[in-house]
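Here is how the chains run, residue by residue.
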Amino acid sequence: MKKNKFSVIVLIGVPGSGKGTQAAFICDRYGYGHISTGDLLRALEATPAAPPDDLLMLAAMKEGKLVPDALIYKLAFQAIETFFREGHGVVLDGAIRTVEQAEEYGKFFAEHGKEDQVIALEIAISDESSLARLSKRKVCGTCKYILPPDSAGRYECPKCGNALATRADDDPTVIKARIERQGNKSVAPIIEYYRSCGRLISVDGEQSVDRVSEDIASALDVM
Ligand code: AMP
């Protein structure tokens, strides 16, 4: 297992930029815990006994909007604390989508003495690429593996063999709303926030999955 000096890697990028795929790569290489707020929200949605107030807050997700901060903090902070308690760092995949969230997480990391161990990693792609990728994205309905972009014609997950699915919010109308609300215009202030704190590295996410992983490894291995 490789080492670097960070306890928290914040992945930043528009929908479809490869955050989930690269989070899995980083967790594998460095032994971090993977926290995807999208996955936590989808798991909550599939929990019949979930608090009704929490389920009400999920309505925004179906429309491609951001869900209320309170729910994000409740789910994410609990998950992060579990990994910290076990002595692991975390990769945050989509967990920070506004500057307000970045500031709130910043306070949370400071309370845990981790403020100097945070790095943001931007995976940069255009809104046009985001649209093209989301429109043909396939995920495994069981293990949630995200298939590489060149997987046209596949019906089974290459990892677990179960049937592939399309995410509910990868529907054309919702994709449009997500890019309007979560595209590069809304990502730019977050990038600026971490750049101004001296805590940003960027990779070109338009390259192949393997090339993006190599760039991430080259950046993190020297830190
Ligand atoms: P993802 O799986 O990361 O694409 O997230 C799916 C959806 O979950 C997003 O379109 C948002 O509606 C919601 N979501 C995920 N993370 C956040 C967050 N940090 N803040 C607000 N909403 C979020």
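This text follows the structure it describes.
Right, let's walk through the structure included here. Since this is a predicted model, take the numbers as computed values, not measurements.

Here the focus is the overall build of the protein chain. From N to C terminus, the protein chain includes 10 helices and 7 strands. By the compact-globule yardstick of 17 Å for 223 residues, the protein chain fits well, its C-alpha radius of gyration being 17 Å. Oriented by its inertia axes, the alpha-carbon framework of the protein chain measures out at about 45 × 40 × 35 Å. A buried classification covers 45% of the 223 residues belonging to the protein chain.

All chains considered together, the criterion is met by 14 salt bridges. The salt bridge partner of arginine 211 is glutamate 214, with a shortest N-O separation of 3.7 Å. Of this pair, arginine 211 and glutamate 214 both sit in helix H10 (residues 209-221), 3 residues apart, which is roughly one turn of the helix. Given a relative accessible area of 44%, arginine 211 falls into the partly exposed group. Glutamate 214 gets classed as partly exposed once you look at its relative accessible area, which sits at 45%.

Residues Val10, Ile80, Leu92, Tyr105 and Tyr194 are the most contacted members of the largest nonpolar core, which totals 37 residues. Those elements giving two or more residues to this core turn out to be strand E1 (8-12), helix H2 (37-45), helix H4 (59-62), helix H5 (69-85), strand E3 (90-93), helix H6 (99-111), strand E4 (118-124) and helix H9 (184-196). It is H5 that contributes the most residues to this core, 9 residues altogether. Here isoleucine 80 is in contact with Ile35, Val90, Leu92, Tyr105, Phe108 and Phe109, once residues within four sequence places are set aside. Counting residues in hydrophobic clusters, the runner-up holds 19 residues, among them Ile26, Leu121, Ile216 and Ala219.

In this section: the site of the ligand. For the ligand, the set of nearby residues contains 17 residues, the closest of which are Thr37, Arg42, Lys65, Arg97 and Arg167. Within the contact set of the ligand, an oxygen atom lies 2.3 Å away from a side-chain nitrogen or oxygen of arginine 97. With respect to the ligand, the side chain of arginine 167 contributes an N or O atom lying 2.9 Å from an oxygen atom. Coverage of the ligand by the protein chains reaches 97% of its 480 Å² of free accessible surface. When contributions to the shell around the ligand are tallied by element, the ones reaching two or more residues are H2 and helix H8 (172-182). When residues of the shell around the ligand are assigned to their parent elements, the largest contribution, 4 residues, is made by H2. Grouping the constituent residues of the shell around the ligand by class yields 6 nonpolar, 5 polar and 6 charged.

Another aspect to go through is unusual backbone geometry. Despite not being glycine, lysine 144 has its phi angle at roughly 70°, a positive value. Within the fold, lysine 144 resides in the loop between strand E5 (139-140) and strand E6 (164-165).

Looking now at the side chain of aspartate 170. Position of aspartate 170 among the secondary structure elements: in the loop between E6 and H8. Classification of aspartate 170 as buried rests on a relative accessible area of 6%. A distance of 2.8 Å separates a polar atom in the side chain of aspartate 170 from a polar atom in the side chain of arginine 178. Apart from the residues within four sequence positions on either side, aspartate 170 is in contact with Leu134, Arg137, Ile175 and Arg178.

Before going further, it helps to examine the side chain of serine 213. Tracing the backbone through its elements, the reader meets serine 213 in helix H10. Residue class for serine 213 comes out buried when judged on its relative accessible area of 8%. When near neighbours in sequence (up to four residues on either side) are disregarded, serine 213 contacts Gln22 and Phe25.

How each quantity is defined
- Residues numbered from 1 in each chain as written.
- Predicted model: local features only at pLDDT ≥ 70, side-chain atom pairs only at ≥ 80, totals over all residues.
- Heavy atoms only, no water.
- Helix = DSSP H or I, 4+ residues; strand = E, 2+ residues; numbered from the N terminus.
- Rg over C-alpha atoms; globule rule 2.2 N^0.38 Å.
- Buried < 20%, exposed > 50% of the residue type's maximum accessible area, 1.4 Å probe, protein only.
- Salt bridge = Lys/Arg side-chain N within 4 Å of Asp/Glu carboxyl O.
- Core = buried A, V, L, I, M, F, W, Y, C linked by side-chain atoms within 4.5 Å.
- Contact = heavy atoms within 4.5 Å.
- Near = heavy atom within 4 Å.
- Polar contact = N/O pair within 3.5 Å; in protein donor to acceptor, adjacent residues only side chain to side chain.
- Areas by Shrake-Rupley, 256 points an atom, 1.4 Å probe, with all protein chains shown as cover.
- Nonpolar A, V, L, I, M, F, W, Y, C, P; charged D, E, K, R; others polar.

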